[in-house]
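# Structural overview
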Amino acid sequence: MEPFVYTGLASRVVFGSGTLATLADEAAALDIERALVISTPHQGEQAERVRAALGARAAAVFTGATMHTPVEVTAEAMDTVEAEAVDGTVAIGGGPTIGLGKAIALRTDLPQIAVPTTYAGSEMTPILGETEAGRKTTQRTLRVLPETVIYDVDLTLTLPPALSGTSGINAIAHAVEALYAKDRNPITSLMAEEGVRALASALPRIVEDPRAPGPRSDALYGAWLCAACLGAVGMALHHKLCHTLGGSFDLPHAETHTVVLPHATAYNAAAAPEAMAALGRALESDDAPRALFALAGAVGAPRALSALGMPEVGIERATEIALESPYWNPRPLDKDAIAALLARAWSGAEPTA
Ligand code: NAD
C-alpha cells in the first residue's frame, strides 16, 4: 500500500427518514437556545417546518439566502443574528442556504446545523464561496464546517426528478475526482466508490418514481459519502472547468457538472487507472466515462453545454481561464486537448480521451 495521510473532519451525521424530528434535541446538544432558521425564499415553507420542529429553541427565520452567497445578504442576516441574540443556525436547503449558514459561522463562530435538501454536498465541507462586488472568492477553514448534519430522506421527496438527476451527478463528480485526487487515501476512496454505486443505481429509479423512499434513501446516503470526499480531499480539472463555466457564462450548477463530468473523466482516464477501476466496479462498466454519459441520458439530463445556453465562441475563453491558476490534475493540462474536451461537451458528443 502507498503511504497516505488521512484527516478526519469532525461532524455529527443523523441520517434517516423523519430525522427532522430530532432537531430540537440536536440543537440542545449544541447548547442552541435561540436558533436562526435559514432558507431561500423558495423554501420558506420548509423553513417554517424547521421552526416548528425547533419549538421554543427557534428565535427567528431568515428566508433571504441566495446563489453565490453575496456579502450584502450575509450582512442582512447578521443584523438578525445580533437583533435576536441568536446563538446558532439551522440551514434548510441546498448550497446557497448552507453557504449562508457558513458565512455567519465565519463571522461569529456560532454552531451550525445543516439540513440538506439536495445532493450538492456543501454540508460536509469546510469550504465557503462568497461574492463581493461580483467577484467570487473561495476559502477553506474548519470554522465553517457545520457541527451537525441532519439528513432527512423525507425532505428530498419533493426535489423535482430532473434536478434530482443532475444534483446526484453533481455529487458523483466529487467522488470521481476524490478517486484520483493527489491527496486521496483509502478511506475517501472507499467512500467515493460506495457513493457512486449508491447514486448511480438510485437516480434512474428516482426519475421513474420520485416519491419512492428506497431510491431516495440510497441517493441521499450516496450524496453524503460523496460530500464527505469533497470535504476531505482536493478536486481537479472537472471542478475547475465547472467553476470556470459557471462563473463566466452563468450556467446552472448541477447541470454544468452533469454535462462536463463524462468528458473530464475521459480526459483523466489513462492517467488514473485505479480510479477508473473503482468507477468501473461502481458503475458496472469497463468504460467509466461512457457509463457516466449514459447515466446522464438515463435520467433525462442535458448532455450539451449549448443546451445550457453557453455560446460556442465561449470555448476558447473557457479554455484560457481553466488554464489560469489550474488545480492539480492527474494528467497534465494541454490547451488543445482541453479545448477539444470543451468542444465535445458543448456539442453533446460522446466522451473520448
Ligand atoms: P439549490 O439549493 O440552488 O437548489 C436548486 C433548486 O432546487 C432551487 O430552486 C431550490 O429551491 C430547489 N430545491 C432544493 N431542495 C428542494 C426540495 N427538497 N424540494 C423541492 N425543491 C427543492 O442547488 P444546489 O445544487 O444545492 O446548490 C448549488 C450551489 O451550492 C452552488 O452555488 C455551489 O457552488 C454551492 N456548493 C457549495 C459547496 C461547498 O462546499 N461550499 C458544495 C457544493 C455546492
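Residues numbered from 1 in each chain as written. Predicted model: local features only at pLDDT ≥ 70, side-chain atom pairs only at ≥ 80, totals over all residues. Heavy atoms only, no water.

### Quick look at the side chain of T69
The condition that has to hold: Each helix is a run of DSSP H or I of at least 4 residues and each strand a run of E of at least 2, with the numbering of both proceeding from the N terminus. For every residue, the accessible area obtained with a 1.4 Å probe (protein chains only) is divided by the maximum for its type, and the residue is called buried under 20%, exposed over 50%, and partly exposed between those limits. Only heavy atoms enter the contact rule, under which two residues are in contact if any of them lie within 4.5 Å.
Checked against the element boundaries, T69 lands in the loop between β3 (58-62) and α3 (71-83). Given a relative accessible area of 6%, T69 falls into the buried group. In this view, T69 contacts T74, G99, L100, A103, L128, G129, E130 and T131; residues no more than four positions away in its chain are not counted.

### Topic: helix α8 (residues 237-249)
The test is simple: In this scheme, a helix's expected span is set at 1.5 Å multiplied by one less than its residue total.
For α8, built from 13 residues, the straight-helix expectation of 18 Å at 1.5 Å per residue is met to within 8% by its first-to-last C-alpha distance of 18 Å. Of the residues making up α8, those classed as buried are L237, H238, H239, K240, L241, C242, T244, L245 and F249. If you follow the buried residues of α8, they end up packed against α5 (161-179), α7 (213-232), α9 (253-269), α12 (314-323) and α13 (335-347). Two residues or fewer after α8 comes D250, characterised by a positive phi angle close to 55 degrees.

### Describing unusual backbone geometry
Although it is not a glycine, H68 sits at a positive phi angle of roughly 70 degrees. Mapped onto the elements of the fold, H68 is located in the loop between β3 and α3. For H68, a relative accessible area of 37% gives the class partly exposed. We note that T69 has phi near 45 degrees; this positive angle belongs to a residue other than glycine.

### Details of a nonpolar patch on the surface
Where we set the bar: In this scheme, patches are assembled from residues that exceed 30% relative accessible area and form no salt bridge. Like charges are connected within 9 Å, while nonpolar side chains (Val, Leu, Ile, Met, Phe, Trp, Tyr) are connected within 5 Å. Computed by Shrake-Rupley with a 1.4 Å probe, the accessible areas treat only the displayed protein chains as cover when residues are assessed. A side-chain nitrogen of Lys or Arg and a carboxyl oxygen of Asp or Glu constitute a salt bridge if their distance falls within 4 Å.
A contiguous nonpolar surface patch, about 470 Å² in accessible area, is contributed by M1, F4, Y6 and I187. Assessed through its relative accessible area of 35%, I187 is described here as partly exposed.

### Observations concerning the site of the ligand
The test is simple: By convention in this text, a residue qualifies as near a molecule or strand provided that one of its non-hydrogen atoms is within 4 Å of it. Any pair of nitrogen or oxygen atoms within 3.5 Å is treated as a polar contact; in protein, a donor-acceptor pairing is required on top of that, and neighbouring residues in sequence qualify only through side-chain atoms on both sides.
Taken together, the neighbourhood of the ligand is formed by 21 residues, with H42, T117, T118, T125 and T158 sitting nearest. Between T125 and the ligand, the recorded distance is 2.5 Å, taken from a side-chain N or O atom to an oxygen atom. Note that a nitrogen atom of the ligand is positioned 2.7 Å from one of the side-chain N or O atoms of T158. About the coverage of the ligand: the protein hides 81% of its 870 Å² of free accessible area.

### With respect to the sheet that holds strand β4 (residues 88-93)
Formally: Only strands joined by at least two bridges in the DSSP assignment are considered to pair. Axis definition: a line fitted to C-alpha atoms, limited for helices to the stretch in contact. Angles are taken between N-to-C directions and run from 0 to 180 degrees.
The strand order β1-β8-β5-β4-β2-β3 describes an open sheet built from six strands, whose pairing is parallel. Whereas interior strands pair on both sides, the edge strands pair on one side only; in this sheet they are β1 (12-16) and β3. Direction aside, neighbouring strands of the sheet carry axes that sit 15 degrees apart on average.

### Some points on the nonpolar core
Note the following rule: Throughout, nonpolar core names a set of buried Ala, Val, Leu, Ile, Met, Phe, Trp, Tyr and Cys residues whose side chains join them through atoms within 4.5 Å.
Y119, I172, L203, L279 and L283 are the most contacted members of the largest nonpolar core, which has 51 residues in total. Secondary-structure elements contributing two or more residues to this core are β8 (148-152), α5, α6 (186-208), α7, α10 (273-283) and α11 (288-298). In terms of residues, this core owes the most to one element, α7, which gives nine residues. Non-local contacts of L283, meaning those with residues more than four positions away in its chain, are made with V196, A200, A288, A291 and L292. Counting 22 residues, the second-largest nonpolar core is a separate cluster that includes L237, F249, V260 and Y267.

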